[in-house]
Amino acid sequence: MSLLAGFLAAIGRVVLGWLAATGRIALFTGETLLHMVRPPFYFREFGAAVLNVGYFSLPVVGLTAVFTGGALALQIYSGGARFNAEAVVPQIVAIGMVRELGPVLVGLMIAARVTSSIAAEIATMKVTEQIDALVTLSTHPMKYLTVPRVLAGLITVPVLVGIGDIIGIMGGYLVGVNRLGFNPASYLQNTVDFLELRDIISSLVKGAAFGVIATLMGCYFGMRSGRGAQGVGAATKSSVVAAAVLILAANFLLTQAFFFQ
Amino acid sequence: MITLDNIHKAFGPNKVLQGVDLTIPKGESMVIIGGSGTGKSVTLKCILGLIQPDEGTITVDGQNAAKGDREAFLTRFGMLFQGGALFDSLPVWQNVSFRLLRGALKRPKSEAREIAIEKLRRVGLKPEVADLFPSELSGGMQKRVGLARAIAADPEIIFFDEPTTGLDPIMAGVINDLIREIVTEMGATAMTITHDMSSVRAIADHVAMLHDGRVQWTGPIAGLDTADDAHVQQFIHGRATGPIAAIR
């Protein structure tokens, strides 16, 4: 009986821990939103965050998208051949990239590149008392560190997703035309004809949501970092894991909301 | 004047402060000594509001530190952190003039830079240092930059957290002399936390010793060596045996 009680207590502790973490993240999100609409605003920090989150992520987003688009074209051609549907490569690459792979892959790459760097930077600032220094210099850490980064995620990641979608489609186009023998003009025409406005809007909305999740998780775990190198490492790891899981969960919910109402 | 009245603070089962009562007169330099883990840094952070005390009241010139406009309250303070706590992403001059580039004390950029260079000069650093980044400086230079930042806005109250930790004896002496000079010329109220007895003798007007979360002894620096308190005598002479347990 005591073994069973111990087992149940262990499960209870895990569940309570998850609930407490969810509550803390919700409060952190609420506090961030509150500081977004209250001055002062730090435009220089916002500009730096836009460069870090958006501009410097372009190479990794471009490479990820072009290879994924190319591989997708090959897979669809190969799989479609089983039921004589090789011709649908342009349409499926377009829909696959814009609706799903573009936003998700960009979100995950941002989680890997940006979330980790934000968490490590803020955690190091916490460990080295730079966060305390900000407070003593009459500067609210949420306003100075979190708000600019989350706003940058909200604004730049949809742009990255848009660029990723286009590059991914071009990756499919290059493989389709050069390797699979598609006519260039009809490939592009099929792509354009098949995409709907809703596909593009869903892609950009997902990008905005994933941008907020990625940057928010970096800030949250950075701010809650434990002491020392181990604390910084743990905060970085937790931020990336949480961001990736939440991005995939949000992707499911947004797909449901956009296409299965 | 800073007054701490019956301050308690615990972290889980660890009761760090157990009723600290302390008064720091205006314009005086108070040095707080005590072994590691006796709550010196926690006391300082409670005054600044970085940590909320569980019980007790802190007043600064009669104003309750826990109430009122936080930003206005903090503009009265300057703080030198133990490790410098300089912002890695900013050049030295922007670290020093951080407070002058934003918020209530905001100045034009050129004026803020001029003030930063002047403060750097005051702590013995050349103007060329202004455009370097903190990672390009030695430990002693980082402390000086931290000191320049602490005094950049001419605060009424300055806190120094272990100002000589990690420095060689000569550099520690330089920092001690700088702190004493600056506090005297600015007429600021100062509170310093240190283990370093040479710092105590160089900086203090008054000394308070924390032990077991309370003020064990307090008095003027002149009375430190003759203090009739076994804890104080063990601490200032660095004896392994005495009322303070060596293993904590």
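The rules behind these values
Residues numbered from 1 in each chain as written. Chains lettered and ligands numbered in written order. Predicted model: local features only at pLDDT ≥ 70, side-chain atom pairs only at ≥ 80, totals over all residues. Heavy atoms only, no water. Pairing = 2+ DSSP bridges. Helix = DSSP H or I, 4+ residues; strand = E, 2+ residues; numbered from the N terminus. Axes fitted to C-alpha atoms, helices over the stretch in contact; angles between N-to-C directions. pLDDT = per-residue confidence, 0-100. Contact = heavy atoms within 4.5 Å. UniProt positions renumbered as here; feature names shortened; annotations may be inferred. Buried area = accessible area lost by both parts, 1.4 Å probe.

A.B. asks: When you look at the sheet that holds strand S7 (residues 157-161) of chain B in this model, what are you seeing that I'm missing?
C.D. replies: All names here are of chain B. Reading across the sheet, the six strands line up as S6-S7-S8-S3-S9-S10 and stay open at both edges, with mixed pairing between neighbours. A strand with exactly one partner marks an edge of an open sheet, and here the two such strands are strand S6 (77-80) and strand S10 (214-220). Here the average twist between neighbouring strands, direction ignored, is 15 degrees. As paired elements, S6 and S7 share four bridges and run parallel to each other. Of the residues in S7, the one forming a bridge with glycine 78 is isoleucine 158.

A.B. asks: Quick question: what am I supposed to make of the confidence of the model for chain B here?
C.D. replies: For residues with low pLDDT, the predicted coordinates do not support detailed interpretation. Averaged over every residue, the pLDDT of chain B is 91; residues scoring 70 or more account for 99%. Averaged pLDDT values over the elements of chain B bottom out at 85 in helix H2 (residues 70-74) of chain B and peak at 97 in helix H3 (residues 92-96) of chain B.

A.B. asks: Help me understand the side chain of B:Arg144, please; the structure alone is not making it clear to me.
C.D. replies: Examined against the element boundaries, B:Arg144 turns out to sit in helix H5 (residues 139-151). Residues contacting B:Arg144, with those up to four places away along its chain left out, are B:Val123, B:Gly124, B:Leu125, B:Met171, B:Val174 and B:Ile175.

A.B. asks: Would you mind showing me how to read unusual backbone geometry here?
C.D. replies: Glycine aside, the phi torsion of most residues is negative, and most peptide linkages are trans. Cis geometry marks the peptide bond from A:Pro39 to A:Pro40, where omega comes out at 0 degrees. You can see A:Pro40 is positioned in the loop between helix H1 (2-36) and helix H2 (43-53). A positive phi angle, near 50 degrees, is found at B:Asp154, a position not held by glycine.

A.B. asks: Would you mind going over the UniProt feature "domain: ABC transporter" (unreviewed entry) in chain B with me for this structure?
C.D. replies: UniProt tags residues 2-237 of chain B as "domain: ABC transporter" (unreviewed entry). Each end of residues 2-237 of chain B is marked by a C-alpha atom, and these two atoms are 29 Å apart; helix forms 33% of the span and strand 26%.

A.B. asks: So what exactly am I meant to see when it comes to the sheet that holds strand S4 (residues 55-60) of chain B here?
C.D. replies: Strand pairs in the sheet, formed through backbone hydrogen bonds, run parallel or antiparallel to each other. Residue and element names in this part refer to chain B. One open sheet accounts for four strands, arranged S2-S1-S4-S5; its pairing is antiparallel. In this open sheet, the two strands that pair with only one neighbour each are strand S2 (14-24) and strand S5 (63-64). For strand S1 (residues 2-11) and S2, the ladder comprises eight bridges, and the chain directions are antiparallel. Residue pairing for S2: alanine 10 is matched across the bridge by lysine 15. Helix H1 (residues 40-48) contacts S1, S2 and S4 of the sheet and is inclined by roughly 115 degrees relative to S1.

A.B. asks: Honestly, the interface of chain B and chain A in this entry has me stumped. Any pointers?
C.D. replies: Listed by partner, the interface residues are 22 residues for chain B and 16 residues for chain A. In total, about 1600 Å² of surface goes out of reach between chain B and chain A, with carbon and sulfur atoms giving 59% of it. Counting residues per element, the ones that place at least two in the side of chain B that touches chain A are H1, H2 and S6 of chain B.

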